[in-house]
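Here is how the chains run, residue by residue.
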Amino acid sequence: MATHKSALKVHRQALARRQRNRARRSRLRNAVKEYRGALAAGDLEKARGMLPGMLSLVDRTAKCGAVHHNTADRTKARLTRALNRLAAGS
């Protein structure tokens with residue numbers, strides 16, 4: 001464990017950041033799970049309504065550094081592609 005005053009502060013900051021990032025990633029994962037559930041159920045209208053909010057949430061999560069921007073871009077592409085495939089199949 002750190003003993004210098006500055007190292008203790010950095011440790012406290014790291015704990016707070018980790019907690020915030022875990023919450024942000026969890027919120028993102030839960031939203032993606034709900035969106036994919038709508039797709040699996042074939043609820044095209046619900047999925048279409050959720051997509052803009054999902055893309056915004058992914059961007060916000062990446063902006064604050066909880067996920068890497070490439071991960072965010074890949075996630076957005078996969079979510080959009082899944083909706084387009086469902087729409088084409090209908």
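Use the structure listed above.
Residues numbered from 1 in each chain as written. Predicted model: local features only at pLDDT ≥ 70, side-chain atom pairs only at ≥ 80, totals over all residues. Heavy atoms only, no water.

**Topic: helix H1 (residues 5-40)**
Here H1 spans 52 Å end to end across 36 residues, near enough to the 52 Å set by a 1.5 Å rise per residue. For H1, every residue scored as buried is listed here: Asn21, Leu28, Ala31, Val32, Tyr35, Ala38 and Leu39. Where H1 is buried, its residues meet helix H2 (44-63) and helix H3 (69-89). Of the residues one or two after H1, Gly42 is the one with positive phi, at around 80°. (Helix = DSSP H or I, 4+ residues; strand = E, 2+ residues; numbered from the N terminus. Expected span 1.5 Å × (residues − 1). Buried < 20%, exposed > 50% of the residue type's maximum accessible area, 1.4 Å probe, protein only. Contact = heavy atoms within 4.5 Å.)

**A word on the environment of Leu55**
By secondary structure assignment, the location of Leu55 is in helix H2. Leu55 has contacts with Lys76 and Thr80, leaving out every residue within four places of it along the chain.

**What about H2?**
Over its 20 residues, H2 extends 28 Å from the first C-alpha to the last, a length consistent with the 28 Å expected when each residue adds 1.5 Å. Helix geometry: H2 is bent most strongly at Leu51, by close to 35°, with proline Pro52 lying one to four residues after it. Residues of H2 that are buried include every one of Leu44, Ala47, Met50, Leu51, Met54, Leu57, Val58, Thr61 and Ala62, and no others. On its buried face, H2 sits against H1 and H3. A positive backbone phi angle near 90° is found at Gly65, which sits one or two residues after H2. (Bend = angle between axes of the 7 residues up to and from the residue.)

**Description of the packing of H1 against H3**
Close contact between H1 and H3 brings their axes to 10 Å; oriented N to C, the two are set at 15°. On the basis of the axis angle, H1 is roughly parallel to H3. H3 is crossed by H1, and the crossing has left-handed handedness. For the pair H1 and H3, the contacting residues are Val32, Tyr35, Arg36 and Leu39 in the first and Thr75, Arg78, Leu79, Ala82, Leu83 and Leu86 in the second. For the contact of H1 with H3, the class distribution of residues is seven nonpolar, one polar and two charged. (Axes fitted to C-alpha atoms, helices over the stretch in contact; angles between N-to-C directions. Parallel < 35°, antiparallel > 145°, perpendicular 65-115°, else oblique. Left-handed = near helix turned anticlockwise from the far one by under 90°. Nonpolar A, V, L, I, M, F, W, Y, C, P; charged D, E, K, R; others polar.)

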